[in-house]
Amino acid sequence: MTRQPTPMARRTGHGLRLAALAAGSLFALVALAASSAAAQSAAMLPPGEPPEGPSAAPELQREAIEAVARALTADDITVIPSADAQRRMVGEPFAECHELDCGANVVRSLGVDYAVLVTVWAPRGRPTNVVVTFIGPDDSVAGDAPVEGEGLVAAALSALTTARQRWQASRMGFIAVESDPPGADVTVDGRVLGQTPLRRLVPAGERTVRVSLEGYATVERTVQVAPTREHPIEVTLAAPVEEPDPPSTPRTRTEPHWASWVLGGGLAAVGVGLLVPALATGFGDAADACTEESGGVCARTPRFGAQSGVLLGVGLAAAAAGVVVLAVQPFQVTTVVTPDSATLRVRGTF
């Protein structure tokens, strides 16, 4: 039978390794424990029995166990009291387990993350030490603290803190991230850890590590972190390839040029100006004709001379040309605008 760890358990090889692992990353452990506490569950076992000497009085044992249970509950951990745990395991040979050997069976039967065993040492009838042991399906860790004066609860909470740190450390591994160039930001599962070069404890399991630096492409790696092991990650950051901007479609606008209006209007005005004197000259050049058939009445007959004909022809041609120019608009101005330039083009068609 494996016996309960003594108050000297922290000096054993396993305890020293776990304590050393936790000592360098206390802040990270506390932060991770707080972030994952809501997903944890624990079962309280009946009071443990010291392997040497008598146990403390039952009321003192209950006081220590209740203090530990309250602290775990305050951290949003689901705690199953020992009485409830025993009722759930009725008929099992380990239903009343209060030792390390059967603690793993309790964990598997109840489906909790760990079982908690609290042992109050009282070799001379007075409490001297409190040992808090976390028992998992395959391993266990313990923390202990001396009872000073009447501080039984304080000793129980101190032992709990040590046990939790060691428990958390036994389920974490190191990642050591280096980048070229250095100074890149490192995030693990979306939580910023610091800048490279970096060495941190992270929970065991599959972790997504992102390394990013302004001006460089972000690198993402998936790492399977094993407990208590170190995982080196080396990345070379490359500057992102700048893609050329897509060609922009120039904006084009075509409209009549003012020269068309000037030319057409000018020709029309010249034509009208020639038609007026042509008609006036033609009708003004007349002769009186008196014949017998007219009964002595003389009639004035206009005579259309060569000058009037020339003015009339030129006037009609000019007026017609002006109308055609105004209708066709032979002069066009085209404006082409791009993000980098603007072009003005004048085109004439005759």
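Rules and cut-offs
Residues numbered from 1 in each chain as written. Predicted model: local features only at pLDDT ≥ 70, side-chain atom pairs only at ≥ 80, totals over all residues. Heavy atoms only, no water. Helix = DSSP H or I, 4+ residues; strand = E, 2+ residues; numbered from the N terminus. Buried < 20%, exposed > 50% of the residue type's maximum accessible area, 1.4 Å probe, protein only. Contact = heavy atoms within 4.5 Å. Areas by Shrake-Rupley, 256 points an atom, 1.4 Å probe, with all protein chains shown as cover. Pairing = 2+ DSSP bridges. Axes fitted to C-alpha atoms, helices over the stretch in contact; angles between N-to-C directions. Core = buried A, V, L, I, M, F, W, Y, C linked by side-chain atoms within 4.5 Å. Disulfide = S-S within 2.5 Å. Phe/Tyr/Trp six-rings, centres within 6.5 Å; stacked < 30°, edge-to-face > 60°. Lys NZ or Arg CZ within 6 Å of the ring centre and 35° of its normal. Polar contact = N/O pair within 3.5 Å; in protein donor to acceptor, adjacent residues only side chain to side chain. pLDDT = per-residue confidence, 0-100. Salt bridge = Lys/Arg side-chain N within 4 Å of Asp/Glu carboxyl O.

1. Side note on the overall build of the chain
Item 1. Secondary structure summary: the chain contains 8 helices and 17 strands in total.
Item 2. Residues counted as buried form 38% of the 350 residues belonging to the chain.
Item 3. Contacts spanning at least 24 positions in sequence make up 59% of the contacts within the chain whose residues lie at least 6 apart.
Item 4. Here the chain has roughly 19,900 Å² of accessible surface; of this, 56% comes from carbon and sulfur atoms.

2. Notes on the sheet that holds strand S6 (residues 172-180)
Item 1. A sheet is described by the order of its strands in space; here 3 strands give the open sequence S9-S6-S12, paired in mixed fashion. Each edge of the sheet is formed by a strand with only one pairing partner; in this case those strands are strand S9 (198-203) and strand S12 (230-236). The sheet shows a mean angle of 25° between the axes of neighbouring strands, direction not considered.

3. A word on the nonpolar core
Item 1. Counting 28 residues, the largest nonpolar core has Leu72, Val116, Val132 and Phe134 as the members making the most contacts within it.
Item 2. The biggest single contributor to this core is helix H6 (residues 152-169), with 7 residues.

4. Here's the deal with the state of the cysteines
Item 1. Enumeration according to the criterion identifies 1 disulfide in this entry.
Item 2. In this model Cys97 forms its disulfide with Cys102; the gap between the sulfur atoms is 1.9 Å. Torsion about the S-S bond of the Cys97 and Cys102 cystine: about 90°, corresponding to right-handed handedness. The pair formed by Cys97 and Cys102 is uniform in burial state, with each residue classed as buried.

5. A few points about the packing of aromatic side chains
Item 1. Counted under the stated rule, the structure contains 3 aromatic pairs.
Item 2. Centroid distance Tyr114 to Trp167: 5.3 Å. Interplanar angle 65°. Geometry classified as edge-to-face. Of this pair, Tyr114 sits in strand S3 (residues 114-121) while Trp167 sits in helix H6, and the two are 53 residues apart along the sequence. Like Trp167, Tyr114 is buried.
Item 3. Each ring, one from Phe134 and one from Trp167, has its centre 5.9 Å from the other, and the planes form 65°; the classification is edge-to-face. Of the two residues, Phe134 is situated in strand S4 (residues 129-135) and Trp167 in helix H6; the sequence distance between them amounts to 33 residues. Assigned by exposure class, Phe134 and Trp167 land together as buried.
Item 4. Here Arg171 stacks its cationic end above the ring of Trp167, 3.3 Å away from the centre of that ring.
Item 5. Just above the ring of Phe174 sits the side chain of Arg199; from NZ or CZ to the centre is 3.8 Å.

6. So, the side chain of Gln40
Item 1. Tracing the backbone shows Gln40 in the loop between helix H2 (26-36) and strand S1 (41-44).
Item 2. Within the structure, Gln40 has its side chain in polar contact with the side chain of Tyr114 (distance 3.4 Å).
Item 3. Excluding residues that lie within four positions of it along the chain, Gln40 makes contacts with Ile77, Thr78, Asp113, Tyr114 and Gln168.

7. What to know about the confidence of the model for the chain
Item 1. Summing up the model confidence of the chain, the mean pLDDT is 78 and the portion of residues at 70 or higher is 73%.
Item 2. Under a pLDDT of 50 for its full length, residues 1-38 has, in the predicted model, 64 contacts with residues more than four places off or in other chains.

8. Looking at the pairing of S12
Both faces of the sheet carry side chains from a regular strand, because those side chains alternate between them.
Item 1. Side chains His231, Ile233 and Val235 of S12 all project onto a buried face; the interleaved residues Glu230, Pro232, Glu234 and Thr236 project onto a face where none is buried.
Item 2. As paired elements, S6 and S12 share 7 bridges and run parallel to each other. For Ala176, the partnering residue across the bridge sits in S12 and is Pro232.

9. Observations concerning the pattern of salt bridges
Item 1. Inspection of every chain in the model, using the stated rule, returns 7 salt bridges.
Item 2. Notably, a salt bridge pairs Asp75 with Arg164, separated by 2.5 Å at the nearest N-O pair. Highlighted residues: Asp75 in the loop between helix H3 (58-74) and strand S2 (78-80) and Arg164 in helix H6, separated in sequence by 89 residues.
Item 3. With a shortest N-O distance of 3.2 Å, Arg207 and Asp189 are connected by a salt bridge.

10. Concerning the sheet that holds S2
Item 1. Pairing is mixed across the open sheet formed by 5 strands, whose spatial order is S2-S1-S3-S4-S5. Of all strands in the sheet, those with a lone pairing partner are S2 and strand S5 (140-146), marking the two edges. Along the sheet, successive strands turn relative to each other by an average axial angle of 25°, direction set aside.
Item 2. Along the sheet, H6 contacts S3, S4 and S5; its crossing angle with S5, the most-contacted strand, is approximately 150°.

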